[in-house]
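Structure at a glance
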Amino acid sequence: MPPILNAQGVSKRFGAKPLFENISFAVEEGDRIGLIGPNGAGKSTLLAVLAGEMEPDAGELAVRKRARVGYVRQISEYAAGITVRGVLEAAMKRAHVPENEREQRLRETLGRAGFTDEGMDSQAAQLSGGWRKRLAIAEAMVTQPDVLLLDEPTNHLDLEGIEWLEGVLRAAKFASVVVTHDRYFLENVASEVVELSRVYAEGMLTVRGTYSRFLEDREAYLESQTKMQESLRNQVKTEIDWLRRGPKARTTKSKARIDSAQAMIGKLADVDARTRTATAGIEFAASDRQTKRLIELEDATVTLGGREIVRNVSLGLMNGMKLGLVGPNGSGKTTLLRAMSGEIPLSAGTVKRANALRIVYFSQMRELDESLTLRRALAPDADAVVYQDRVVHVASYAAKFLFTGEQLNQPVARLSGGERARVLIARLMLEPADVLMLDEPTNDLDIPTLEILEESLLEFKGALVLVTHDRYLLDRVSNVVLGLDGRGNAQLFADYLQWEEWKNAGSSEQQVVSRDVVASARKDASGSKKKLSYLEQREFDGIEAKVEAADERLAAAHDRLADPAVGVDPTALTLALAEMEAAQAEHDAIYARWAELTEKAG
């Protein structure tokens, strides 16, 4: 059977800039493809081409006959006046679903998406971002597509919504292509990972398997490419030395070598240009404050519109503490952030802040004046900024966040979501902080930038309050988690997994905050936690099994060497000694690696 979608040699430009060139991409039955790549690589554009929403500049897209393609855009918006039910009814009408099937299909699809019977009559435009995203996914699924294309679907979903979507895609009969930067989501869902990036000779790298497998294969690819690059560099050096000696191109052999040398020099220049990558220089500046207690909440309650959002929350935010706030959409995470910062008052209880406390706040609303140029967005009053007590030209500061000189005079409105996020982070970094409050900072950031952000937050010496749906970031950075259940209840936990267990067990009664968790967080506040990278964490999770296997191999080698029959057989004795040496070397290496990872993990 032919592929559902088959793009051959497609290219697309944005103005004069090529987004991707000569890309070949096929979607087969049962595929669950994770599409990743740096900001600006053209992931959303490629998805729009696959959906038939955009024509490629070159190449062609073949769609299997009678195949139905579902497409969920990055931004899910609905016109005023249309209900949740109306959205799905319109979708089924467009897809020519038989009328006698529509009601049952509508109820089944909305039920699986978490909508109640009463919720079906809600105004779609008035739903929260997370529920609008669920509705958009249900709108695409109700047509029973052969392939579902989703552009950053986790951006507006809460943690529960992300887990729901993971379950939907794993159980689905349809194929899927998902643009996402959520590494746990990729690990849990993808059966194939495709990265669009100019560092690859073909413009992309495709790996069958999980995200962990992709990371391993990508590392091997890049290592091989580096070796090839060095070999080519050495060859070019030899040829340049020969050319400098002034060979005469009178013989056919000399002329061929000169042509070959010129081609080789051109190839090296292309490889060097392709593999030259940059990363954003994210580094938050902490103040030199010595005060330990920065913010204290005592029985804090916030009521909005007659509804208790959070109640009786008590916690102390210490210097060095990294607090993750988790809970479903609408549970009060942003409200609690605003109450802690003093933006809104408490309805009951008390909040104490250290004198002259400097709070730097990253809002998920991402408010940027779109009429400003990038230059004025970064430096409103001059062509320089003060960064870490040094005057830095705005062009140099912009380059730190991967912006080019050409972009400085472009309006902010022309920037992508990821680029806008980098602008806001760049502005925050100009302010020394005692407390960083970050509300969904990861939306639209690519994976390399996320990794830089993680390292910066781990190194930040002040206190951090983090709201994010990125479970990997939450696990790696936070040393204590405050879980909100959406019914006003709150509880402190050591990590996200412990909160999930509490949530699944039910939290109808307010529980006492664990002093052990708070004490552990204070202890962790003196140093960074969870320094393991994604691959290192995966390795650490499975290393005990490797240790046991190494122990068993070494014991077996000892037993073999102690066998009297082996001692009188020269050939067998040689083999046994070699095995003993190899087993001992493996044993020592694994134990050394175990100790290294254990120390790094803290």
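Note that the structure is a prediction, hence the values are computed from the model and not measured. (Residues numbered from 1 in each chain as written. Predicted model: local features only at pLDDT ≥ 70, side-chain atom pairs only at ≥ 80, totals over all residues. Heavy atoms only, no water.)

1. A few points about the sheet that holds strand β2 (residues 17-27)
Where strands meet in a sheet, backbone hydrogen bonds hold them as pairs that are either parallel or antiparallel. Quick note on the threshold: Note on pairing: DSSP must find at least two bridges between two strands before they are called paired. Secondary structure elements follow DSSP: runs of H or I of four or more residues count as helices, runs of E of two or more count as strands, with numbering from the N terminus. To get an axis, a line is fitted to the C-alpha atoms, and for a helix only the part in contact is used. The angle between two axes follows their N-to-C directions and goes from 0 to 180 degrees.
With antiparallel pairing, 3 strands are arranged side by side in an open sheet as β2-β1-β4. Each of the sheet's edge strands pairs with one partner strand only, and the pair in question is β2 and β4 (58-63). Taking each pair of neighbouring strands and ignoring which way they run, the sheet shows an average axis angle of 25 degrees. The sheet contact formed by strand β1 (residues 5-14) and β4 spans 5 bridges and is antiparallel.

2. Here we look at the pairing of β1
Looking at chain direction, β1 and β2 are connected through 7 bridges and run antiparallel. The partner of K12 across the bridge, within β2, is F20. Where β1 folds back onto β2 in an antiparallel hairpin, the turn is made up of 2 residues, including G15, whose phi is positive at roughly 65 degrees.

3. Some remarks on the nonpolar core
Stated precisely, the cut-off is as follows: Here, nonpolar core refers to any group of buried Ala, Val, Leu, Ile, Met, Phe, Trp, Tyr and Cys residues whose side-chain atoms link them within 4.5 Å. Burial status follows relative accessibility: with a 1.4 Å probe on protein chains alone, a residue under 20% of its type maximum counts as buried, one over 50% as exposed, and anything between as partly exposed. In this description, contact between two residues means that some pair of their heavy atoms is separated by no more than 4.5 Å.
Core analysis: the biggest nonpolar cluster contains 38 residues, and Y397, V423, L436 and L438 have the highest contact counts within it. With 6 residues, the single largest contributor to this core is helix α12 (residues 417-428). Residues in contact with V423, not counting those within four places in the same chain, are L368, L374, A377, L378, F403 and L415. Formed by 35 residues, the second largest nonpolar core is a distinct cluster that contains L110, A136, V142 and L165.

4. Topic: the environment of R427
Relative to the helices and strands, R427 resides in helix α12. R427 sits 50 residues away from A377 along the chain, and the two C-alpha atoms are 8.3 Å apart. Setting aside residues no more than four positions away along its own chain, R427 makes contact with E367, L368, A377 and L378.

5. Let's talk about helix α2 (residues 84-94)
For α2, the full list of buried residues reads V84, R85, G86, V87, L88, A91 and M92. Next to the buried residues of α2 lie α3 (99-112) and α4 (129-141).

6. Side note on the sheet that holds strand β7 (residues 175-179)
Taking strand neighbours across the sheet as the criterion, the 6 strands line up as β5-β6-β7-β3-β8-β9 in an open arrangement whose pairing is mixed. Both outer strands of the open sheet, β5 (69-72) and β9 (204-208), are each paired with one neighbouring strand and no more. Each strand axis lies, on average, 15 degrees off the axis of its neighbour in the sheet, ignoring direction. As paired strands, strand β3 (residues 32-36) and strand β8 (residues 192-196) are joined by 4 bridges and run parallel to one another. Within β8, the position partnered with L35 by the bridge is V194. Each of β5 and β6 (147-151) touches α4; the most contacted strand, β5, lies at about 170 degrees to it.

7. Some remarks on the pattern of salt bridges
Where charged atoms from two side chains of opposite charge approach closely, those side chains can pair. As a reminder, the rule being used: One side-chain nitrogen of Lys or Arg within 4 Å of one carboxyl oxygen of Asp or Glu is enough to make a salt bridge.
Overall, the coordinates contain 30 salt bridges when judged by the stated rule. When the shortest N-O distance is used, the salt bridge between E29 and R64 registers 2.6 Å. With E29 in the loop between β2 and β3 and R64 in the loop between β4 and β5, this pair connects stretches of sequence that are 35 residues apart. Residue classification places E29 among the partly exposed residues on the basis of a relative accessible area of 43%. Sharing partners across several salt bridges, the network here consists of R85, E89, E103, R107 and D117.

8. Observations concerning the side chain of D151
To be explicit about the condition: We score Asp and Glu as negative and Lys and Arg as positive, and we do not count His or the chain ends. Side-chain atoms alone can form a polar contact between residues adjacent in sequence; in general such a contact is a pair of N or O atoms within 3.5 Å, and within protein one must be able to donate a hydrogen while the other accepts it.
Here D151 is to be found in strand β6. For the buried D151, no salt bridge exists, and the shortest N-O distance to an oppositely charged side chain is 7.5 Å, to K43. In this structure the side chain of D151 is engaged in a polar contact, spanning 3.4 Å, whose partner is the side chain of Q74. Other than its neighbours up to four places away in sequence, D151 contacts S44, L47, V72, R73, Q74, K133 and V179.

9. Quick word on the environment of E166
Along the polypeptide, E166 turns up in helix α5 (residues 159-171). For E166, a relative accessible area of 4% translates into the label buried. Between the C-alpha atoms of E166 and Y184, which are 18 residues apart in sequence, the distance is 9.9 Å.

10. Focus on the environment of T442
Tracing the sequence through the fold places T442 in the loop between β17 (435-439) and α13 (447-459). Spatially, the C-alpha atoms of T442 and G418 are 8.8 Å apart, while their sequence positions differ by 24 residues.

11. Describing α5
For the record, the criterion: To estimate how far a helix should extend, the number of its residues minus one is multiplied by 1.5 Å.
Over its 13 residues, α5 extends 19 Å from the first C-alpha to the last, a length consistent with the 18 Å expected when each residue adds 1.5 Å. Regarding α5, the residues found buried are L159, G161, I162, W164, L165, E166, V168 and L169.

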